[in-house]
Amino acid sequence: MSLPDKAFPVSWDQFHRDTRALSWRLSGLGQEFKAIVCITRGGLVPAAIISRELNIRMIDTVCIATRHDYVNQGDTVLLKGISPELMENGGEGVLVVDDLTDTGKTALEVRAMMPKAHFACVYAKPSGVPTIDTFVTEVSQDTWIYFPWDMGFTYQEPIAKGHRG
Ligand SMILES: O=P(O)(O)OC[C@H]1O[C@H](OP(=O)(O)OP(=O)(O)O)[C@H](O)[C@@H]1O
Ligand code: HPA
Ligand SMILES: [Mg+2]
């Protein structure tokens, strides 16, 4: 899989701030959410922060793995579904959380399970924006977001020498 040209590295501090901003936006909706369903694995981190900010203590997961092998590029496998009681009434009152929406494929798959749930992501790319309800920061489609849990602390090339970040 080839990565997009532009890089958007996110630190733990920035991710925490952006997820707090998402929590503020969600609290401004004036809606009481009865549960969070986080889309693993990326949704686990913002779900913990939003759960604390909005005092939502019922947390479930939907476990989806994207296959990145050459033949099945982009195919997804559902490893664990959502608790049946949360899916009642189309998932009304449920908050679905993920770190980002890119093509929108993952969000659409979960929407098919809970069409009335509210979908929130910290980051969004243009193709994914119509598939969710609330997000904080939009980046262009040709940008790759580097999350803090995927990164280490390493030397950076100067911009003049071809640095990408
Ligand atoms: O909008 P899409 O094109 O579907 O892409 C967005 C999804 O891709 C990433 O998850 P990924 O499947 O890479 O797995 P992970 O969360 O387990 O790291 C990200 O966490 C979103 O869930
Ligand atoms: O931009 C991205 N960053 C990290 N994981 C991803 N999965 C889809 N798009 C991205
Ligand atoms: Mg994910």
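What comes next is a walk through the structure. (Residues numbered from 1 in each chain as written. Chains lettered and ligands numbered in written order. Predicted model: local features only at pLDDT ≥ 70, side-chain atom pairs only at ≥ 80, totals over all residues. Heavy atoms only, no water.)

## Quick notes on the nonpolar core
Judged by nonpolar contacts, the single largest core of 20 residues is most densely connected at Phe-15, Leu-22, Ile-36, Ile-50, Leu-95 and Tyr-123. Listed by contribution, the elements that provide at least two residues to this core are helix H1 (12-27), strand S2 (35-40), helix H2 (44-54), strand S5 (94-101) and strand S6 (118-124). Tyr-123 has contacts with Phe-8, Val-10, Gln-14, Phe-15, Asp-18, Asp-99, Leu-100, Thr-101, Thr-137, Ile-145 and Phe-147, leaving out every residue within four places of it along the chain. Core analysis: the second largest hydrophobic core is formed by 17 residues, Met-114, Phe-119, Cys-121 and Ala-124 among them. (Core = buried A, V, L, I, M, F, W, Y, C linked by side-chain atoms within 4.5 Å. Buried < 20%, exposed > 50% of the residue type's maximum accessible area, 1.4 Å probe, protein only. Helix = DSSP H or I, 4+ residues; strand = E, 2+ residues; numbered from the N terminus. Contact = heavy atoms within 4.5 Å.)

## Examining the site of ligand 1
Near ligand 1 lie 13 residues; those nearest to it are Thr-66, Asp-98, Asp-99, Thr-103 and Thr-106. In this structure, Gly-42 approaches ligand 1 through a main-chain N or O atom, which is 2.9 Å from an oxygen atom. For ligand 1, the accessible surface in isolation is 500 Å², of which the surrounding protein chains cover 78%. Put simply, the parts of the chain that give the shell around ligand 1 at least two residues each are S5 and helix H4 (105-113). Tallying contributions element by element places S5 first for the shell around ligand 1, with 4 residues. Of the residues in the shell around ligand 1, the class split is 1 nonpolar, 7 polar and 5 charged. (Near = heavy atom within 4 Å. Polar contact = N/O pair within 3.5 Å; in protein donor to acceptor, adjacent residues only side chain to side chain. Areas by Shrake-Rupley, 256 points an atom, 1.4 Å probe, with all protein chains shown as cover. Nonpolar A, V, L, I, M, F, W, Y, C, P; charged D, E, K, R; others polar.)

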